[in-house]
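Here are the chains, one letter per residue:
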Amino acid sequence: MSTIEDRLRDAMAARARTVPDDDLDHALPAPRGSRPRGLAIAAAALAVATTIVGVARLAEPSPDPSPDAREAGVAAVSSGWADVSVFLCTDPSPFEGCRGGAATAWEKENISRVLRARRDVKTVTFEDRRTAFENFRRSETNSRLLKATTAEDMPESFRLKLVPGADPQAAARAASDLPGVSNVVDEGCLRDNLTRAAEVQKQCNFPDRGR
Amino acid sequence: MDRESQWPTALAPPGPPPQADLAALYREHRVGLVRLAVLLVGDLETAEDVVQDVFARLHGRRRPPDLTLAYLRTCVLNGSRSVLRRRAVMLRRTQRVTDLADSAETAVLIGESRRQVLLALARLPRRQREALVLRYYLDLADSEIALVMGVGQSTVRSTTARALARLLRELGEDD
């Protein structure tokens, strides 16, 4: 046995030993090409925010709504009529401001109270996970996303209807400062962005700035 | 020797193995594959990325019907090659030698004499380095190395011999 072979064995074994044994039970990596779960959930939340509005607007102008449209209208009452959607922190959450975990009961209470106290807010409706999930299921067409999502992944939210003439951006910005809020979406702005060129699209999404 | 016959395909199950098998393989071999990769690419973070990437690519239909450790090692070898190729393009004008000891901490842990060996190993041409890692780190037989590297056994033997001779020239005076 030559020394160079021994030195090689020894050096490589020593280098390999510097890689520690697993102390965590690593999960199998997700299939290539799919987004990280957190992002998918954020996308799901955004999809809910946008598509439900679409449903509501379709349902609105019909003077004698068919049963289907009426059903869609019910969903719209809970979320689609919103001018501003205030999403609450989930655990885990992809948003920076949610590092402390899901929104607590106190935080929800506080958000509700502050929003209701605003003069530019006409109504505040709470949307729970189940409703959010049902809306999402009804509107989402991406079957992979649908399969990967459960009610637990959906964020709770407060849906705000503003008084006529109010500035939704101001309300959205103010709501995004509250603890327990993950992000706030100006729904009208999002809707308008769909028809705007990329260069003139406005910021419609206001992530929370931390607890 | 016919390398095709080493991958038993005739008796393989029709579809890819269930997800549970992949997860079990991952649990069982992750660390070992990271250690293999660290000897090929030089730093732990890249090595972990290479292995993550291998498993991320193995979902769904891209998987061969018989998923063996040899196949996983081939994937790690290929992944490491891609990384080194990208890195070479990036560093071509700035820095030629990659260091197999990625941090000061690692250098202290393994000692100066071993570090010299690893440095010399890192300077070898890619195939020579791979052959030595598979032979002297994983203790694979010529036939297994041939399978993992995708070359013939005689190539393995000649590559290993050339690599050892070169290392001996570079490190000889230390013996």
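Remember, predicted model here, so these are calculated numbers, not experimental data.

Cut-offs applied
- Residues numbered from 1 in each chain as written.
- Chains lettered and ligands numbered in written order.
- Predicted model: local features only at pLDDT ≥ 70, side-chain atom pairs only at ≥ 80, totals over all residues.
- Heavy atoms only, no water.
- Helix = DSSP H or I, 4+ residues; strand = E, 2+ residues; numbered from the N terminus.
- Contact = heavy atoms within 4.5 Å.
- Pairing = 2+ DSSP bridges.
- Axes fitted to C-alpha atoms, helices over the stretch in contact; angles between N-to-C directions.
- Salt bridge = Lys/Arg side-chain N within 4 Å of Asp/Glu carboxyl O.
- Buried < 20%, exposed > 50% of the residue type's maximum accessible area, 1.4 Å probe, protein only.
- pLDDT = per-residue confidence, 0-100.

## Examining the side chain of Asp142 of chain B
Among the secondary structure elements, Asp142 of chain B is positioned in helix α7 (residues 142–149). Aside from chain neighbours lying at most four places away, what touches Asp142 of chain B is Arg135, Gln153, Val156 and Arg157 of chain B.

## As for the sheet that holds strand β3 (residues 157–162) of chain A
All names here are of chain A. Ordered by their spatial adjacency, 5 strands build an open sheet running β2-β3-β1-β4-β5, and the pairing between neighbours is antiparallel. Looking along the sheet, the strands with just one partner apiece sit at the ends: β2 (121–127) and β5 (205–207). Neighbour-to-neighbour, the strand axes of the sheet open up by a mean angle of 15°, direction not taken into account. Pairing analysis gives 5 bridges linking strand β1 (residues 84–88) to strand β4 (residues 181–186), with the strands arranged antiparallel. Within the sheet, the bridge partner assigned to Leu88 lies in β4 and is Val181. Against the sheet, helix α4 (residues 105–117) makes contact with β1, β2, β3 and β4, and its axis sits at roughly 0° relative to β3, the strand it touches most. The sheet contacts of helix α7 (residues 168–176) involve β1, β3, β4 and β5, and relative to β4 the element is tilted by about 175°.

## So, the pattern of salt bridges
Taken as a whole, this structure holds 14 salt bridges over all chains when the rule is applied. Note that Asp120 of chain A and Arg118 of chain A form a salt bridge whose closest N and O atoms lie 3.0 Å from each other. Residue classification places Asp120 of chain A among the buried residues on the basis of a relative accessible area of 15%. Taking the relative accessible area as the measure of exposure, Arg118 of chain A reaches 25% and is therefore partly exposed. The partner of Arg157 of chain B in a salt bridge is Asp142 of chain B, with the nearest N and O atoms 3.2 Å apart. Here Asp142 of chain B lies in helix α7 and Arg157 of chain B lies in helix α8 (residues 153–171), a separation of 15 residues in the sequence. Among the residues examined, Arg157 of chain B registers a relative accessible area of 45% and is labelled partly exposed.

## A few points about the confidence of the model for chain A
Residue and element names in this part refer to chain A. Per-residue confidence for chain A gives a mean pLDDT of 74; residues scoring 70 or more make up 70%. Element-level pLDDT for chain A is lowest in helix α3 (residues 67–80), with a mean of 38, against a maximum mean of 92 in β3. Here residues 50–79 is modelled with pLDDT under 50, and outside its nearest four sequence neighbours on either side it reaches 34 contacts, counting other chains as well.

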